[in-house]
Amino acid sequence: MGPSHALSGAAVWLTGSWALDYFADYHQSPLALAVGTAVCAGGALFPDLDLSGKVTRNQGGATVARTFGVFSLFVAEVMEKISLGVYYATKLSRDPRRNNGHRTLTHTIPFTVLVGWGTTALCAAYGKWAVVSILFFMIGLALRGLFDEWAERAGWVIVTLVSAAAAWFTFANLPGDRGYPMIGLAVGVGCFVHILGDMITKAGVPILWPIPIKRRMWTMIGLPNSIALRTGSKAEVVVLRTALTVLSVLAAVGLVAPSVLQRFNIEV
């Protein structure tokens with residue numbers, strides 16, 4: 001569901017930005033909008049870095065885990081092991097045994113809040129050097145999700161170079177002040193959107209963790225099997241992705257149209 005997750009992050013950020021612009025008169029520069037959209041799209045893939053593969057062979061794992069080749073596979077391996085460790089450290093008697101940590105810690109609300117807050121704290125403490133590092137990572141994830149087929153053909157080296165160039169351009173042009181907290185917000189919103197996306201599948205996510213329910217700490221919450229979305233089905237690939245794309249385009253047009261009309265002195 002990588003492309004669907006990334007599209008959902010972009011759609012939510014653009015729609016939210018349009019709503020803030022229209023109802024709260026909160027304007028963002030084109031660069032800030034682009035950065036927020038890319039970071040939210042990347043954040044919407046970040047939780048799946050808990051699905052590791054074969055690091056030494058540069059194989060397996062979630063698609064997003066192969067964004068930066070062996071390096072991102074190693075990060076996924078570490079994250080998966082930490083998630084599995086937290087699972088066993090907090091599981092109750094009715095929680096099943098697991099051999100991996102996928103869809104555990106990184107698919108919870110506490111993790112989402114921690115990542116969003118941590119991103120903002122890093123940006124505030126270390127300034128643009130922290131920002132450029134975070135942007136590099138998140139833009140890479142966004143490229144892998146939004147342009148999956150291109151990224152697959154181009155390979156992780158090209159994706160890494162494009163991510164580095166985009167991050168450096170932003171480093172040189174993005175102002176500080178309110179832009180830094182918005183990056184943390186974008187990462188957190190993206191992670192939360194990912195959780196909601198996984199909730200409409202059969203497997204579900206432990207969104208209520210760490211609240212114990214009937215001697216289970218890791219209760220998976222999702223739609224009933226009869227109406228749950230099946231990964232890779234036409235409902236996901238055609239219907240869901242088309243709807244998210246249309247929503248993204250409409251929100252982008254709503255954000256850009258007023259300034260274009262004003263530039264040409266056109267009143268509506």
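Residues numbered from 1 in each chain as written. Predicted model: local features only at pLDDT ≥ 70, side-chain atom pairs only at ≥ 80, totals over all residues. Heavy atoms only, no water.

Looking up the protein chain in an unreviewed UniProt entry gives the name LexA-binding, inner membrane-associated putative hydrolase, with the organism given as Micromonospora rifamycinica.

Undergrad: I'd like a description of the pattern of salt bridges, backed by residues and values.
TA: Any two side chains of opposite charge can pair if their charged atoms end up close together. For the coordinates displayed, the defined rule picks out 6 salt bridges. Note that Glu80 and Lys81 form a salt bridge whose closest N and O atoms lie 2.9 Å from each other. Look at Glu80 and you get buried, because its relative accessible area is 3%. Residue classification places Lys81 among the partly exposed residues on the basis of a relative accessible area of 46%. Glu152 serves as the salt-bridge partner of Arg144, at 2.5 Å between the closest nitrogen and oxygen. By relative accessible area, which is 5% here, Arg144 ends up buried. Residue Glu152 is classed as partly exposed on the basis of its relative accessible area of 49%. Residues participating in the shared-partner salt-bridge network are Glu77, Glu80 and Lys81. (Salt bridge = Lys/Arg side-chain N within 4 Å of Asp/Glu carboxyl O. Buried < 20%, exposed > 50% of the residue type's maximum accessible area, 1.4 Å probe, protein only.)

Undergrad: Residues and numbers for the environment of Thr160, please.
TA: Within the secondary structure layout, Thr160 lies in helix α7 (residues 156-173). Assessed through its relative accessible area of 18%, Thr160 is described here as buried. Taking the C-alpha atoms as reference points, Thr160 and Thr219, 59 residues apart in sequence, are found 37 Å from one another. Those residues in contact with Thr160, other than ones at most four positions away along the chain, are Thr67, Phe68 and Phe136. (Helix = DSSP H or I, 4+ residues; strand = E, 2+ residues; numbered from the N terminus. Contact = heavy atoms within 4.5 Å.)

Undergrad: Please give an account of the confidence of the model for the protein chain that cites residues and values.
TA: Mean pLDDT over the protein chain: 86, with 91% of residues reaching 70 or higher. Looking across the protein chain, the model is least confident in strand β2 (residues 59-60), with a mean pLDDT of 65, and most confident in helix α3 (residues 70-90), with 92. (pLDDT = per-residue confidence, 0-100.)

Undergrad: A description of the UniProt feature "transmembrane region" (unreviewed entry) in the protein chain should follow, citing residues and the corresponding values.
TA: The sites that carry the UniProt feature "transmembrane region" (unreviewed entry) are, in the present numbering, residues 29-47, 68-89, 109-142, 154-171, 183-209 and 238-261. Annotated as residues 68-89, this span is 91% helix and 0% strand, and its ends, taken at the C-alpha atoms, are 30 Å apart. In residues 109-142, the share of helix is 97% and the share of strand is 0%. The end C-alpha atoms are 21 Å apart. (UniProt positions renumbered as here; feature names shortened; annotations may be inferred.)

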